[in-house]
Each structure stands twice: as C-alpha cells, then as structure tokens.
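Understanding the architecture of this molecule
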Amino acid sequence: MAIELALIASKLQNLSTSDHASVVSMNLFVALLCACIVLGHLLEENRWMNESITALLIGICTGVFILLLSGGKSSHILVFSEDLFFIYLLPPIIFNAGFQVKKKQFFVNFMTITSFGAIGTLISCCVITLGATQAFKRMDIGPLELGDYLAIGAIFAATDSVCTLQVLNQDETPLLYSLVFGEGVVNDATSVVLFNAIQSFDLNQLNPSIALHFLGNFFYLFIASTLLGVLTGLLSAYVIKKLYIGRHSTDREVALMMLMAYLSYMLAELFYLSGILTVFFCGIVMSHYTWHNVTESSRVTTKHSFATLSFVAEIFIFLYVGMDALDIEKWKFVSDSPGTSIATSSVLLGLILLGRAAFVFPLSYLSNLTKKSQYQKISFRQQVIIWWAGLMRGAVSMALAYNQFTMSGHTQLRSNAIMITSTITVVLFSTVVFGLLTKPLIRLLLPHSKVTTSMTTTETSTPKSFIVPLLGNARDSEADLEGHEIHRPNSLRALLATPTHTVHRLWRKFDDSFMRPVFGGRGFVPVEPGSPSERNGNSHW
C-alpha cells in the first residue's frame with residue numbers, strides 16, 4: 001500500500017513538473033510574440049524588413065539561446081506539429097485573405113490565377129521531381145524511392161502565401177497582389193492535393209488510367225472544395241439575415257460568423273477535400289453577403305477580429321519555424337557530411353528557381369494573348385516580380401516534408417534527415433534572402449507603382465471596400481450604367497472579346513434578382529434596436 005501511494009505521489013509530482021514546464025514555455029512564447037509585434041512596428045518603415053522575417057530571426061535567435069542553456073540538447077519550447085499548423089494556424093490566415101481580398105482584381109484575373117496556381121504548380125512539381133531524380137541519384141544521400149521524388153516535387157512546389165501577404169501591398173500593387181496571392185492559395189491547395197494523391201496511389205503500377213484517375217480526382221477536389229466554401233458562406237448569410245440575430249446580441253452574430261468560417265474548413269477536412277480552397281471561397285462569399293447582414297458594430301468587430309487572428313497566426317508560424325529550425329536531433333544525423341546537406345539544399349533552391357520560371361513566363365505570355373488592353377497585360381517587369389515573389393517557401397513545405405520523411409517529428413534514417421534539414425535550409429534562406437529583396441525589387445522595377453495603381457483601380461483600403469460587388473466596384477451598379485449603353489454580345493466571339501463587362505452585367509442581374517433577396521448583402525440593413533434603421537423602417541432597402 002505504501003509503495004502504491006509513493007508511486008502515485010511520484011506520478012503527480014512528475015505531472016505537476018510537466019504542467020509547470022508547459023506554462024513556462026507558453027509564457028516565453030507569448031512574450032516572444034509580443035516582442036515580434038513591437039519590433040515589427042519599429043521596423044515598419046524599413047525598406048528591407050517585414051514582420052515575417054523579424055519573427056523568423058527572433059525564433060532562430062531564441063533557438064540558439066535555448067540551445068546554449070540546455071547544453072546542446074534542445075533548441076525549441078514547442079515541437080513543430082502538422083495538426084497545429086493545418087488545423088489551427090492556417091485557417092484564419094486563408095479565411096481573412098478571402099474575406100479582405102479585392103474581389104474585382106481577383107475575379108478579373110481569375111483564369112490567370114487558376115492557370116498559375118493549378119497548371120503552374122503541376123509544371124513546377126514535374127521540373128523539381130525530374131531535376132531531383134537526376135541530381136540526387138548522383139549524390140550520396142541514401143535510398144529514395146519514386147514516391148519520395150514525387151513528394152519532393154509537391155513539397156517544394158508549394159509557395160508561401162503567408163509570406164506573400166507580408167511583402168506585397170494590396171493597395172500599392174493590386175494586380176501583382178491578386179496574381180501572386182491568388183496563385184499562392186490555389187498553389188497551396190494543389191500542392192497538398194498532389195501530395196496526398198502521391199501518398200495514396202500505388203506508384204509501382206503507373207499507367208494512363210491511373211493518370212486520368214489522378215487528374216479527375218484533382219478537378220473533383222478543386223470544384224467540390226470551392227462549392228463547399230460557397231455553400232457554407234451562403235448558409236451563414238441566410239441564417240443571419242433570416243433570424244436577425246443582432247437584434248438581441250451582436251456577440252452571437254459575430255460568434256456565428258467565426259464558427260461558420262471555421263466549420264467550412266473542418267467540413268472540407270472531414271470529407272477529404274481541400275480546406276484551404278474551401279475556407280478561402282467561404283471568406284469571399286461571407287464578405288459579399290454575410291458581412292452586410294450583421295449590425296454596424298458587428299461589421300467593425302468582425303473585420304478587425306479576422307484581421308487580428310490572421311496577423312497573430314502569421315507571426316506564430318514564422319516564430320515557430322525559426323525556433324524549430326535549430327532542433328539538434330535533426331542536424332546530428334548530417335553532421336558527418338555537411339557538404340552533402342549544403343549541396344542538396346543548393347540543388348533544391350536551383351530547381352525552385354527553374355521550376356517557377358518554367359511556368360510564370362510561358363503562362364504570362366499565353367495570358368497576354370487573351371487580353372487586348374495594354375493595361376490588362378502582364379509586363380515583363382511584373383512577370384519578374386511574380387516569379388521572384390513566389391520563390392519563398394514556408395510552413396506548408398515544412399509540414400509536408402515532416403509528413404513524408406519523419407515519424408512524429410523524428411527520423412533515424414540519414415536520407416530522411418538530409419531531406420528535413422535541406423527543407424529547413426531552403427525555407428530559411430528563401431524567406432530571409434528572397435523576402436528581404438522583394439520590396440527593393442518592386443521599387444526598382446516598378447518605381448511609380450503607387451501612382452499607376454491609383455489610376456487603374458478605384459477600390460479603397462477603407463472598410464468601404466467591403467461594399468464592392470463580387471465582380472466590380474460600387475459605381476458599376478445598374479443605376480450608374482443606365483446612361484451608358486453596353487452592347488450585348490451577339491456572338492461567342494463578341495462575348496470573348498469583352499468578357500469582363502459581359503460577365504459583370506450578367507452576374508449583377510442574377511445577383512440582384514435572385515441572390516440578394518434570399519441571402520442579403522449590399523443594401524440590406526439589419527434591424528438594430530433603437531437605431532435609425534429601425535425608426536426609418538425599410539428606407540435604406
């Protein structure tokens with residue numbers, strides 16, 4: 001009996017020590033997040049730095065400090081986890097991007113964005129896979145199978161859309177932002193779908209039917225994920241409009257918006273779809289319908305709440321990656337051959353540069369062939385920036401690499417350890433070096449970007465930008481177009497010659513006639529007790 005009591009007391013003491021260690025770790029991590037925000041504010045006007053790079057460098061410095069304190073045993077206070085990244089950190093970032101994206105720029109360039117994000121990712125994956133297969137077989141890095149080489153292609157074809165948010169400005173360079181970030185979202189989704197398909201297919205029996213099945217599965221995931229996001233967004237709009245939840249509690253409608261947004265992502269994961277695409281399009285639909293159905297105070301609250309959650313998640317990810325990069329367990333397996341690890345990282349960086357160039361310039365050329373206006377075409381300088389801004393690799397690449405080459409974050413195989421350390425090296429180098437040079441490159445190639453973009457876009461960065469219709473801006477309403485005759489296309493050729501105005505006009509008629517009466521949106525004023533809206537009745541409809 002005494003022995004059992006002693007064992008129980010020992011377990012409780014160990015548990016208490018473990019809990020205390022977790023509290024200490026979380027205190028340190030939160031303090032580091034605060035430091036990143038303060039330093040980011042101080043470096044706001046710096047032409048080189050941004051908050052993602054600041055957080056990454058702070059994470060690395062903290063990792064070095066912890067490594068020294070622990071006597072070389074450990075460098076991090078939290079272990080990198082795929083679940084933490086994909087389930088908790090990525091959804092608010094992607095949702096906020098869809099919620100605040102300038103929809104006119106995004107949908108006008110939708111075909112270009114889709115071709116860059118889907119076809120471009122496939123081209124990049126093929127280039128990286130073929131290059132890695134030829135190079136790594138000549139290098140002594142250990143045994144790698146066909147599935148490993150294909151996984152390497154998918155891992156390093158995934159751009160870092162999170163870092164893109166930090167280095168490009170939506171108001172200064174709206175066209176570049178919509179192209180690079182829109183491509184990044186589709187790219188991330190495509191990379192994850194490719195990676196999962198590679199792991200699920202039997203690669204020992206490759207034949208044309210499997211290739212067709214793979215392509216069919218990809219298009220199914222793309223379309224189904226998009227539809228799920230749209231339907232979830234419409235459901236939230238309908239519920240909030242129908243029930244007038246804000247009459248009794250603005251907290252409830254804010255909470256419902258947040259939970260429905262997160263539910264869209266989790267439903268996609270439940271049905272094995274792409275949560276990234278789902279939550280992105282859910283954000284777009286919610287900004288077009290749901291956001292206008294809530295009370296004025298809830299609009300301000302949701303706008304800043306989503307932006308804050310996204311901001312903190314971004315900083316968390318880069319701090320997390322920086323600290324985990326110096327994990328001694330990963331590096332000790334390659335300590336006897338640092339040259340091989342450096343060579344592997346160099347080859348991967350070269351393939352990333354080549355793989356991105358292989359689709360950015362050809363697809364931009366094809367995109368320009370479909371556009372008559374010179375202002376709508378992507379200039380060579382803009383193509384260079386698109387190529388450069390998409391070179392950064394981040395947490396998506398790390399999460400996929402951990403999935404392929406480790407078990408619970410650890411590996412005992414030399415070849416797997418080399419791939420993990422090479423991934424970390426590529427992520428750090430690309431984020432810091434390419435990220436640092438992106439802003440100066442934009443200033444060099446597009447010195448008058450602020451002037452030109454103010455002429456080519458009429459959208460503002462104020463909260464009024466949320467009143468923008470799905471395929472145009474506020475002044476393009478039917479009432480404003482009454483005095484200007486828009487010729488209806490009398491043939492398919494005429495339709496293709498002026499697609500933007502045609503699709504915009506058809507969408508506006510459909511939206512005004514069928515969608516807004518059911519789901520609300522711009523022009524719908526929710527009843528708020530004691531507000532002018534309630535006293536004036538439906539005068540704003």
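Here the structure is a predicted model, which is why all the values come from computation and not from measurement.

So, the overall build of the protein chain
If you tally the helices and strands in the protein chain, you get 21 helices and 0 strands. Looking at the protein chain as a whole, 52% of its 541 residues are labelled buried. Pairs at least 24 residues apart make up 83% of the contacts formed inside the protein chain by residues separated by at least 6 positions. For the protein chain, the accessible surface area stands at approximately 25,800 Å², while carbon and sulfur atoms represent 66% of it.

Brief notes about helix α15 (residues 380-389)
The buried count for α15 comes to 8 of 10 residues, which makes it a mostly enclosed element. All of the buried residues in α15 are Q382, Q383, V384, I385, I386, W387, W388 and A389.

So, the confidence of the model for the protein chain
Mean pLDDT over the protein chain stands at 78; residues scoring 70 or higher make up 77%. Taking the mean pLDDT of every element in the protein chain, the minimum, 38, falls on helix α18 (residues 449-456) and the maximum, 94, on helix α10 (residues 250-270). Segment residues 450-487 is flagged for pLDDT under 50; beyond a separation of four residues in sequence, or across chains, it makes 64 contacts in the model. Across residues 492-497, confidence stays below pLDDT 50; counting only partners more than four residues off in sequence or on other chains, it has 4 contacts.

A word on a nonpolar patch on the surface
Side chains of L212, L215, F219, I223, L227 and L231 sit close together on the surface and give an oily, nonpolar patch of about 620 Å² of accessible area. Counting through the fold element by element, I223 comes out in helix α9 (residues 208-243).

Here we look at the pattern of salt bridges
Counted under the stated rule, the structure contains 5 salt bridges. When the shortest N-O distance is used, the salt bridge between R356 and E183 registers 2.8 Å. Placement of R356 in helix α14 (residues 338-369) and of E183 in helix α8 (residues 174-200) is noted, with a sequence separation of 173 residues between them. For E183, a relative accessible area of 1% puts it in the buried group. As a salt-bridge pair, D512 and R516 come within 2.9 Å of each other at their nearest N and O atoms. Taken together, the positions of D512 and R516, both in helix α20 (residues 499-519) and 4 residues apart, correspond to about one turn of that helix. D512 sits in the partly exposed class, given a relative accessible area of 30%. Given a relative accessible area of 13%, R516 falls into the buried group. Residues participating in the shared-partner salt-bridge network are R508, D511, D512 and R516.

A closer look at the packing of aromatic side chains
Following the criterion strictly, the structure yields 23 aromatic pairs and no others. Taking 6.0 Å as the distance between ring centres and 20° as the angle between the ring planes, the aromatic pair formed by F107 and F110 counts as stacked. By relative accessible area, which is 24% here, F110 ends up partly exposed. Grouped by ring-pair contacts, the aromatic residues F106, F107, F110, Y177, F181, F280 and F281 constitute a single cluster. Over the ring of W291 we find R299; its NZ or CZ atom is 5.5 Å from the centre of that ring.

Describing the nonpolar core
Ranked by internal contacts, the top residues of the largest apolar core, which has 129 residues, are F136, I152, F156 and F280. It is α8 that contributes the most residues to this core, 15 residues altogether. With residues near it in sequence (within four places) discarded, F156 still touches I128, L348, I352, R393, M419, T423 and V426. If you look at the next biggest cluster of nonpolar residues, it comprises 7 residues, including A237, Y289, W507 and M515.

Some thoughts on the packing of helix α6 (residues 146-157) against α8
Two elements in contact, α6 and α8, have axes separated by 8 Å at closest approach and are oriented at 170°. Considered as vectors, α6 and α8 are oriented roughly antiparallel to each other. Residues G147, L150, A151, A154, I155 and A157 of α6 form the contact with α8, whose own contacting residues are N187, S191, L194, F195 and I198. Considering only residue class, the contact of α6 with α8 consists of 8 nonpolar, 3 polar and no charged.

Quick notes on α6
Its 12 residues place the ends of α6 17 Å apart at the C-alpha level, agreeing with the 16 Å of an ideal helix rising 1.5 Å per residue. The element α6 is extensively covered by neighbouring structure, given that 10 of its 12 residues are classed as buried. In this structure, the buried side of α6 is in contact with α5 (110-136), α8, α14, α16 (395-405) and α17 (414-445).

As for the packing of α15 against α17
Where α15 meets α17, the closest approach of the two axes is 10 Å, and the angle between their N-to-C directions is 170°. The angle between α15 and α17 falls in the class roughly antiparallel. Between α15 and α17, the contacting residues are R381, V384, I385 and W388 on the first element and F434, L437, T438, L441, I442, L444 and L445 on the second. Of the residues that constitute the contact of α15 with α17, the class distribution is 9 nonpolar, 1 polar and 1 charged.

Looking at the environment of F136
Within the secondary structure, F136 sits in helix α5. In this structure, the C-alpha to C-alpha distance between F136 and T340, residues 204 residues apart in sequence, is 10.0 Å. With near-sequence residues (within four places) excluded, F136 lies in contact with I141, L144, Y149, I152, T344, V347, L348 and M419.

Structural notes on the state of the cysteines
For the structure shown, the criterion picks out 0 disulfides. For C34, which is in no disulfide, the shortest distance to another cysteine sulfur is to C36 and amounts to 9.2 Å. Looking at C126, it has no disulfide partner, and the nearest cysteine sulfur is the one in C125, 5.7 Å off. With relative accessibility at 46%, the residue C126 sits in the partly exposed group.

Cut-offs and rules
The numbers attached to residues start from 1 for each chain and follow its sequence in the written order. For a predicted model such as this one, the threshold for reporting local features is a pLDDT of at least 70, and the threshold for listing and counting side-chain atom pairs is 80 or more; totals across whole chains, interfaces and linings nevertheless cover every residue. Only heavy atoms go into the side-chain values, all of them from the structure, while hydrogens and water stay out. Helix numbers and strand numbers start at the N terminus; a helix is a DSSP run of H or I with at least 4 residues, a strand a run of E with at least 2. The buried label goes to any residue with under 20% of its type's maximum accessible area, the exposed label to any with over 50%, and the partly exposed label to all in between, with areas taken from a 1.4 Å probe on protein chains only. Any two residues whose heavy atoms approach within 4.5 Å are treated as being in contact. Only the protein chains shown count as covering a residue, and every accessible area follows the Shrake-Rupley method with a 1.4 Å probe. The pLDDT score gives, residue by residue, the confidence of the prediction method on a 0 to 100 scale. Exposure above 30% relative accessible area and the lack of any salt bridge qualify a residue for a patch; like charges then connect within 9 Å, and the nonpolar side chains Val, Leu, Ile, Met, Phe, Trp and Tyr within 5 Å. For salt bridges, the criterion is a side-chain nitrogen of Lys or Arg within 4 Å of an Asp or Glu carboxyl oxygen. Two rings belonging to Phe, Tyr or Trp (six-membered ring only in the last case) form a pair when the distance between their centres is within 6.5 Å. Interplanar angles under 30 degrees mark stacking, angles over 60 mark edge-to-face geometry, and anything in between is tilted. Think of it as a cone above the ring: NZ of Lys or CZ of Arg counts as a charge over the ring if it is within 6 Å of the ring centre and within 35 degrees of the ring normal. Only buried residues count toward a nonpolar core, which is a set of Ala, Val, Leu, Ile, Met, Phe, Trp, Tyr and Cys residues joined through side-chain atoms within 4.5 Å. Axis angles are defined between N-to-C directions and span 0 to 180 degrees, where every axis is a line fitted to C-alpha atoms and, for a helix, only to the segment in contact. Each angle is binned into one of four classes, with values under 35 degrees roughly parallel, values over 145 roughly antiparallel, values of 65 to 115 roughly perpendicular, and all other values oblique. The classification used treats Ala, Val, Leu, Ile, Met, Phe, Trp, Tyr, Cys and Pro as nonpolar, Asp, Glu, Lys and Arg as charged, and all other residues, Gly among them, as polar. Multiply 1.5 Å by the residue count of a helix minus one, and that product is the helix's expected span. Sulfur atoms of two cysteines make up a disulfide when they are within 2.5 Å.

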